[in-house]
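Overview (structure and organization)
What follows is the residue order along each chain.
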Amino acid sequence: TELSEEVIKSKVCPALLKEDDGLILTLPLLKDFEQVFLVNLILPWIELGKADKIPTEVIQSLNATSQKKIVEKLLEETKPNWTILAHFDKLDMEDERVQTCIAAILVKQGPNKDVSLARYLISLLKSLPRSLERSVYELWSQAVSMHQTFLSKSCASELKKISV
């Protein structure tokens, strides 16, 4: 018996949504049914507030477009869990929408003293193109200004390397 897209939508995804470790079970099928799982399981998973339970292996097996859709979905949360972003290995940092979403997610973290976040911010700033649109640059500037750690100056100096 072959597994159809309809069976995955109507039976598999609803069942897996109820299990905290349900997403890891999708790995063998993800390549053939990525879009179906994204729309019917992964994005609803995020809506349920379970973004931090998405396994790294699942995120990294998704293509760049799917990873971008997840980042856009994370942006809808009041205070998205930024730690999941570190697992996105196919995001196109040249894409203005990706730049905007990630910066906005970081801004939503609010003022903080999270050293891990500051380190991640520095790595993101280094991965950005050396020139950004003004609105995107301002979002990144806002994200940098919210960090109050010993790495704040490093974040600011990395941002200064980017022109508008």
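Thresholds applied
Residues numbered from 1 in each chain as written. Predicted model: local features only at pLDDT ≥ 70, side-chain atom pairs only at ≥ 80, totals over all residues. Heavy atoms only, no water. Helix = DSSP H or I, 4+ residues; strand = E, 2+ residues; numbered from the N terminus. Buried < 20%, exposed > 50% of the residue type's maximum accessible area, 1.4 Å probe, protein only. Contact = heavy atoms within 4.5 Å. Areas by Shrake-Rupley, 256 points an atom, 1.4 Å probe, with all protein chains shown as cover. Lys, Arg positive; Asp, Glu negative; His and termini not counted. Charge placed at Lys NZ, Arg CZ, Asp CG, Glu CD. Phe/Tyr/Trp six-rings, centres within 6.5 Å; stacked < 30°, edge-to-face > 60°. Lys NZ or Arg CZ within 6 Å of the ring centre and 35° of its normal. Expected span 1.5 Å × (residues − 1). Polar contact = N/O pair within 3.5 Å; in protein donor to acceptor, adjacent residues only side chain to side chain. pLDDT = per-residue confidence, 0-100.

**Some remarks on the overall build of the protein**
Of the regular secondary structure elements, the protein holds nine helices and zero strands. Order of helices (α) and strands (β) in the protein, N terminus to C terminus: α-α-α-α-α-α-α-α-α. Going through the 164 residues of the protein one by one, you find that 48% of them count as buried. Put simply, of all contacts in the protein between residues at least 6 apart along the chain, 72% involve residues at least 24 apart. As displayed, the protein has an accessible area near 8500 Å², and 51% of this comes from carbon and sulfur atoms. Taken together, the 21 basic and 23 acidic charged side chains of the protein have centroids lying 7 Å from each other.

**Things to note about the packing of aromatic side chains**
Counted according to the given criterion, the structure contains one aromatic pair. It is Lys50 that lies over the ring of Trp45; its NZ or CZ is 4.5 Å from the centre.

**Side note on helix H7 (residues 115-127)**
Its 13 residues give H7 an end-to-end C-alpha distance of 19 Å, which sits within 8% of 18 Å, the value for a rise of 1.5 Å per residue. By the burial criterion, the buried members of H7 are Leu117, Ala118, Tyr120, Leu121, Ile122, Leu124 and Leu125. The N-cap residue of H7 is Asp114: its side-chain oxygen and the backbone nitrogen of Ser116 are 2.9 Å apart.

**Considerations on helix H6 (residues 96-107)**
The first and last C-alpha atoms of H6 sit 16 Å apart over 12 residues, in line with the 16 Å expected at 1.5 Å per residue. Across the 12 residues of H6, nine count as buried, placing the element largely inside the fold. Of the positions making up H6, those classed as buried are Val98, Gln99, Cys101, Ile102, Ala103, Ala104, Ile105, Leu106 and Val107. Against helix H5 (64-75), H7 and helix H8 (134-145) lie the buried residues of H6. Looking at where H6 begins, the residue whose side-chain oxygen comes 2.7 Å from the main-chain nitrogen of Arg97 is Asp95.

**Notes on the confidence of the model for the protein**
With 99% of its residues at a pLDDT of at least 70, the protein reaches an overall mean of 92. At the level of individual helices and strands, the protein shows its lowest average pLDDT in helix H2 (residues 27-30), which scores 88, and its highest in H6, which scores 97.

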